[in-house]
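# Descriptive analysis of the structure
The chain contents come next:
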Amino acid sequence: MDRLTSMAVFVKAIDLGSFAAAADALELSGPMVGKHIRFLEERLGVRLINRTTRRQSLTDFGRAYYERCRVILAEAEAADALAADQLSQPHGKLRVTMPVHFGRCCVAPVLLELVQQYPSLELDLSLNDRFADLADDDYDLAIRTGDLEDKAGVIARRVARQRMVVCASPSYIERQGEPRQIDELSRHQTIIYHRSGRVRPWLFPQKDQPPVEIMPVGRLRLDDLDAIADAATTGMGLAWLPYWLVRERIQAGALVQLLPDEPEFPYDVYALWLQTPHLPLKIRLAVDALAAALPKFMT
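Below or above, wherever it landed, is the structure these notes cover. The shown structure was predicted, so the numbers you read here are calculated from the model rather than taken from an experiment.

So, how was this worked out
- Residue indices follow the written sequence of each chain, beginning from 1 at its first position.
- At least 70 in pLDDT is required for a residue's local features to be given in this predicted model, at least 80 for side-chain atom pairs to be given and counted, and no such filter applies to totals for whole chains, interfaces and linings, which use all residues.
- As a rule here, side-chain values come from all non-hydrogen atoms in the structure, and water together with hydrogens is ignored.
- Numbering of helices and strands starts at the N terminus; helices are DSSP runs of H or I of at least 4 residues and strands are runs of E of at least 2.
- Values of the radius of gyration come from C-alpha atoms, whereas the globule rule sets the reference at 2.2 Å times the count of residues to the power 0.38.
- Each residue is placed in one exposure class: buried if its accessible area under a 1.4 Å probe, protein chains only, is under 20% of its type's maximum, exposed if it is over 50%, and partly exposed if it falls in between.
- Whether a set of points on the 1 Å grid over the protein atoms alone is a cavity depends on a 1.4 Å probe fitting there but being unable to get out, while an open set qualifies as a pocket with protein on both sides within 12 Å along at least five of seven lines; lining residues are those with an atom within 4 Å of a point.
- Grid points are joined across faces, edges and corners, and a volume is the space filled by probe spheres set on the points.
- Residues are grouped as follows: Ala, Val, Leu, Ile, Met, Phe, Trp, Tyr, Cys and Pro are nonpolar; Asp, Glu, Lys and Arg are charged; all remaining types, including Gly, are polar.
- Helix axes use the C-alpha atoms of the stretch in contact, all axes being lines fitted to C-alpha atoms, and the angles between their N-to-C directions lie in the range 0 to 180 degrees.
- Put simply, angles under 35 degrees are roughly parallel, angles over 145 are roughly antiparallel, angles from 65 to 115 are roughly perpendicular, and the rest are oblique.
- Take the far helix as your reference; a near helix turned counterclockwise from it by less than a right angle gives a left-handed crossing, and one turned clockwise gives a right-handed crossing.
- Contacts between residues were defined by any pair of non-hydrogen atoms, one from each residue, lying within 4.5 Å.
- Stacked, edge-to-face and tilted are the three classes for Phe, Tyr and Trp ring pairs, Trp counted by its six-membered ring, which pair at centre distances within 6.5 Å; planes under 30 degrees apart are stacked, over 60 edge-to-face, the rest tilted.
- The criterion for a charge sitting over a ring is simple: Lys NZ or Arg CZ within 6 Å of the ring centre, and within 35 degrees of the ring normal.
- Nitrogen and oxygen atoms within 3.5 Å of one another constitute a polar contact, given that in protein one can donate a hydrogen and the other can accept it, and given that sequence-neighbouring residues count only through two side-chain atoms.
- Two strands pair under a simple rule: DSSP has to find at least two bridges between them.

### Topic: the overall build of the protein chain
What the protein chain contains, in helices and strands, is nine helices and 14 strands. Relative to a compact globule of 299 residues, whose C-alpha radius of gyration would be 19 Å, the protein chain shows 29 Å and is clearly more extended. Taking the principal axes of the C-alpha coordinates as reference, the protein chain spans close to 95 × 45 × 30 Å. The 299 residues of the protein chain split such that 41% are buried.

The structure is reproduced here in structure tokens:
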């Protein structure tokens, strides 16, 4: 007999409460169900079910074995589903939440291209800096930047790294001078990014040591990165921003990259999804597409 088949019969008999119900559900004879159970018991050398003329109940070992069989069968089904995915195309709605500016400029173009490739795939994007809950808000995928909380049942994969740079306009440098070292930043006006009421420090990697943290000080606090870039361009102060966001302004001379000899902090970008025995094809393809395409946006 096939052991996996016998496990499936055993689990079905326990789930439905009787051999007869399992036989009906599996289109087997009652004696055949019993034969599968006996095969497992003889193979294991231990009784799984206590049988009397009036009722059947699991032994202590039978209960533990039942739980393990359920896991094994679920994994087997997930493995079969992987093969099925290779022969099919993604379909249904893919719901994704992402930060506003990064999502609009970097993530959305990748996912829109993915939808063009697969006509059966629908896309539902939420551009919001609020930290949505995958389960409660019914999202398939979340894109997040920076440090992540270790949350049970959530899988995270890094899909890109943003190069963070300090920059300022030529007019600001002419008026206030150019900082040459990290410790000079505290003497300058900065444009502060704050989200959810929290101001995050500027970080500078150090060899074999934790990053140096500089807490920005200034009169402007904004929760939109593009608005910070605009304010820096008009000469309002120093800004610490992803290079991809200010690349064109730096190349055009509207902003100047400062501290060129200091290492740039790599701000990680993650894709998050709920842990599941079988990752749906639509999520897997989306994550793979982001991991392949996003690094090109960061250079």
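### A closer look at empty space enclosed by the protein
For the structure on display, the rule yields one cavity of 30 Å³ or more. In this structure, the largest cavity spans a volume of roughly 370 Å³. Together, 23 residues line the largest cavity, and Thr145, Met164, Tyr193, Leu225 and Tyr267 are the ones closest to its centre. Those elements giving two or more residues to the lining of the largest cavity turn out to be helix H5 (100-117), strand S6 (154-168), strand S7 (191-195), helix H7 (225-233) and strand S12 (239-242). In terms of residue class, the lining of the largest cavity is made up of 15 nonpolar, three polar and five charged.

### Description of the packing of H7 against helix H8 (residues 243-252)
Contact pair H7 / H8: the axes reach a minimum separation of 10 Å and the direction vectors enclose 30°. One finds that H7 runs roughly parallel with respect to H8. Between H7 and H8 lies a crossing whose hand is right-handed. Mapping the contact onto sequence places Leu225, Asp226, Ala229, Asp230 and Thr233 in H7 and Leu245, Val246 and Arg249 in H8. Class assignment for the residues of the contact of H7 with H8 results in four nonpolar, one polar and three charged.

### Looking at the packing of aromatic side chains
Here the structure, examined in full by the defined rule, presents eight aromatic pairs. Geometrically, the ring pair formed by Phe102 and Trp244 is edge-to-face, given 5.8 Å between the ring centres and 65° between the ring planes. With Phe102 in helix H5 and Trp244 in helix H8, this residue pair connects regions lying 142 residues apart in the sequence. Comparing Phe102 with Trp244 shows no difference in burial state: the two are buried. Taken together, the aromatic side chains of Phe10, Phe61, Tyr65 and Tyr66 make up a single cluster linked through ring pairs. Between the NZ or CZ atom of Arg95 and the centre of the ring of Tyr139, over which it lies, the distance is 4.5 Å.

### Side note on the side chain of Thr190
Assignment of secondary structure puts Thr190 in the loop between helix H6 (170-176) and S7. Classification of Thr190 by relative accessible area gives buried; the value is 3%. A polar side-chain atom of Thr190 sits 2.7 Å from the main-chain carbonyl oxygen of Val217. With near-sequence residues (within four places) excluded, Thr190 lies in contact with Trp202, Pro216, Val217, Gly218, Arg219, Leu220 and Leu238.

### Some thoughts on the environment of Ala229
Mapped onto the secondary structure, Ala229 falls in helix H7. Residue classification places Ala229 among the buried positions, given a relative accessible area of 0%. Sequence separation between Ala229 and Phe265 is 36 residues, and the spatial gap between their C-alpha atoms is 18 Å. In this structure, Ala229 is in contact with Leu241, Val246, Arg249 and Leu255, ignoring residues within four places of it in sequence.

### A closer look at the sheet that holds strand S11 (residues 220-222)
Taken in spatial order, the three strands line up as S8-S7-S11 in an open sheet, and their pairing is mixed. Of all strands in the sheet, those with a lone pairing partner are strand S8 (198-199) and S11, marking the two edges.

### Considering unusual backbone geometry
The phi dihedral of Asp208 falls on the positive side, at around 60°, and the residue is not glycine. For Asp208, the position within the fold is in the loop between strand S9 (202-206) and strand S10 (209-214). A positive phi is found at Leu259, a non-glycine position, where the angle reads about 50°. The topology assignment puts Leu259 in the loop between strand S13 (256-257) and strand S14 (265-274).

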